[in-house]
Amino acid sequence: MDYSQFLGMREELSLLAVILLTFLIDLFVSSEKKAENCGNECSLEGRPCARMMWLTRVPIVLMLVHTVFNLLPCGAANEATWTSLFGGMYLHTEMMTLIKSVLNVGALIVMVMATPYLMRKENHIKAGEFHSLLLFTLLGMYFMISAGHFLMFFIGLELASIPMAALISFNKGCQKSGEAGAKFILLALFSSGLMLYGISLLYGACGTLYFGQMAAALSAPNLISILGLVLVISGLGFKISMVPFHLWTADTYEGAPTPVTAFLSVLSKGAAAFTLMVILTKVFSVGPFVEYWDTALQLLIVLSITVANLFAIRQNNLKRFMAFSAISQAGYLVLGILGGTAEGMEALVFYLAVYTFANLGAFAIIHEVEHHSGKVGISDYNGLYTTNPYMAFCMTICLFSLAGIPPFAGFFSKFFIFMAAFKAGFEVTVFIALVNTVISLYYYLLIVKAMYINKNEQPIARFNANISSTVAIVLCVILTMFFGVFSAPFNFLSYFGFGI
């Protein structure tokens, strides 16, 4: 084996270096000063001690360097010789690099958002572990995206799932957090079992696990290969939180720490959706198979958008509300996969980027309000504008973008993804999605109504937002407005091509 091929895994090697440095910082800084002594120096609202500065600020700086580094062009990584590595197990294209960069920005925002949470006394001893687990999850998503072999894909899937279960149950003293972690890991194991069974059926039908060789072997559909396709879609449907694989979502989102919920709602969903598109277009590209998975995805899209919208209206807990919002958004995201067209892939990537900024911005505000008041109910936001007008304004922008109201970025992301699906010949599905967009506008406006119109004799008290949270919120709002006013970056995606 030519070990120089590892140099082609630029994103993975860079992220692995960040993980190792974060681990070493946590190891040596923690041994220098015990967490209980640190807790006496660090108060919830006070200035953090040197130890917590190292454990919270340095990983963010390292992640920022990693993100910028992988946005820079690199000759070796862009050469055709690096397109396929290790016999085709690892694939590299510019579009895959772009989707990883979107995930990097999302992970960086989550790390910044999580700083006030990690500054709490009970989390001082766990601050280093939080960043390590989060980055290992991101590394697993990298492997999923660049997989050209089902074994590589499954390793990435498990690497992205197991640390996530630990993050969900990060609040060890909280019953809801433990329950959320247990539900997630049990259903993740079940979905992984379905996935493995589907992969084994495909291996039996094709005699190989390489995506390209499978496509050549599946010249005609048979019962085994069709069942394998159904099970693979089912396994990834769990990761994307599509109906009927969504039952874990609301309980997990409610019980997990809010920064973890934000990470789970965006990055996990985006990586799984892109991976599903890669598998469908590279393995099941034969004519009859395309018709089968197009039909299956249309059913899942309509169910996800409709069911999620109906259940979102009934929620009062904001984190459960955002869970059903995420299920609905997953349906719109998967619209880009229909037909397996280049326009669909570009629309999917653009939609993921816009959804990342708007959704993380909303979660950053929810986290900051919860951090200062302990409240997460929609009714608790009644009259928020009177005490915290800036928070209410930023929340409104993020919600308007999620609802698809112009001129915010969410409008253009939905327009492009609807246009791609319409051009691919799925007019009825697009029409149903458009009708559901109107329904989603209603329940997003319920929160805006609570903040600006509903009266509250005891609204959430005025508070000064943490600097880290302010940076995350302002960055998300600026990017949401930028991609709305200047949607030209979507046209830039065509330069990356349909190379998946």
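Before any of the text, the structure's been laid out above.
Predicted model only: the values in this text are computed from it and were never measured.

Scoring rules and cut-offs
- Residues numbered from 1 in each chain as written.
- Predicted model: local features only at pLDDT ≥ 70, side-chain atom pairs only at ≥ 80, totals over all residues.
- Heavy atoms only, no water.
- Helix = DSSP H or I, 4+ residues; strand = E, 2+ residues; numbered from the N terminus.
- Buried < 20%, exposed > 50% of the residue type's maximum accessible area, 1.4 Å probe, protein only.
- Contact = heavy atoms within 4.5 Å.
- Areas by Shrake-Rupley, 256 points an atom, 1.4 Å probe, with all protein chains shown as cover.
- Axes fitted to C-alpha atoms, helices over the stretch in contact; angles between N-to-C directions.
- Parallel < 35°, antiparallel > 145°, perpendicular 65-115°, else oblique.
- Nonpolar A, V, L, I, M, F, W, Y, C, P; charged D, E, K, R; others polar.
- Phe/Tyr/Trp six-rings, centres within 6.5 Å; stacked < 30°, edge-to-face > 60°.
- Lys NZ or Arg CZ within 6 Å of the ring centre and 35° of its normal.

Trainee: Could you give an account of the overall build of the protein, with specific residues and numbers?
Mentor: Along its length, the protein carries 22 helices and 2 strands. Counting all 500 residues of the protein, 59% fall into the buried class. In the protein, 82% of the contacts between residues at least 6 apart in sequence involve partners at least 24 apart. Surface exposure of the protein reaches about 19200 Å², of which carbon and sulfur atoms provide 69%.

Trainee: Requested: an account of the side chain of Thr 252, with residues and values cited.
Mentor: Looking at the secondary structure, you find Thr 252 in helix 12 (residues 249-255). Non-local contacts of Thr 252, meaning those with residues more than four positions away in its chain, are made with Ile 168, Ala 180, Phe 184 and Leu 264.

Trainee: Describe the packing of helix 13 (residues 258-282) against helix 15 (residues 318-335), naming the residues involved and giving the relevant values.
Mentor: Interhelical geometry of helix 13 versus helix 15 gives an angle of 10° and a closest axis separation of 11 Å. With respect to helix 15, the element helix 13 is oriented roughly parallel. Between helix 13, through Thr 258, Thr 261, Ser 265, Lys 269, Gly 270 and Ala 273, and helix 15, the contact on the second element is made entirely by Lys 319, Ala 326, Ala 330 and Leu 333. Counted by class, the contact of helix 13 with helix 15 contains 4 nonpolar, 4 polar and 2 charged residues.

Trainee: Any details on the packing of aromatic side chains? Residues and values, ideally.
Mentor: Summed over the entire model, instances satisfying the criterion amount to 21 aromatic pairs. Consider the rings of Trp 248 and Tyr 253, whose centres lie 6.5 Å apart with planes at 70°: the pair is edge-to-face. Each residue in the set Phe 184, Phe 238, Trp 248 and Tyr 253 is aromatic and connected to the rest through ring pairs, giving one cluster. Positioned over the ring face of Tyr 332 is Lys 414, at 4.8 Å from the centre of the ring.

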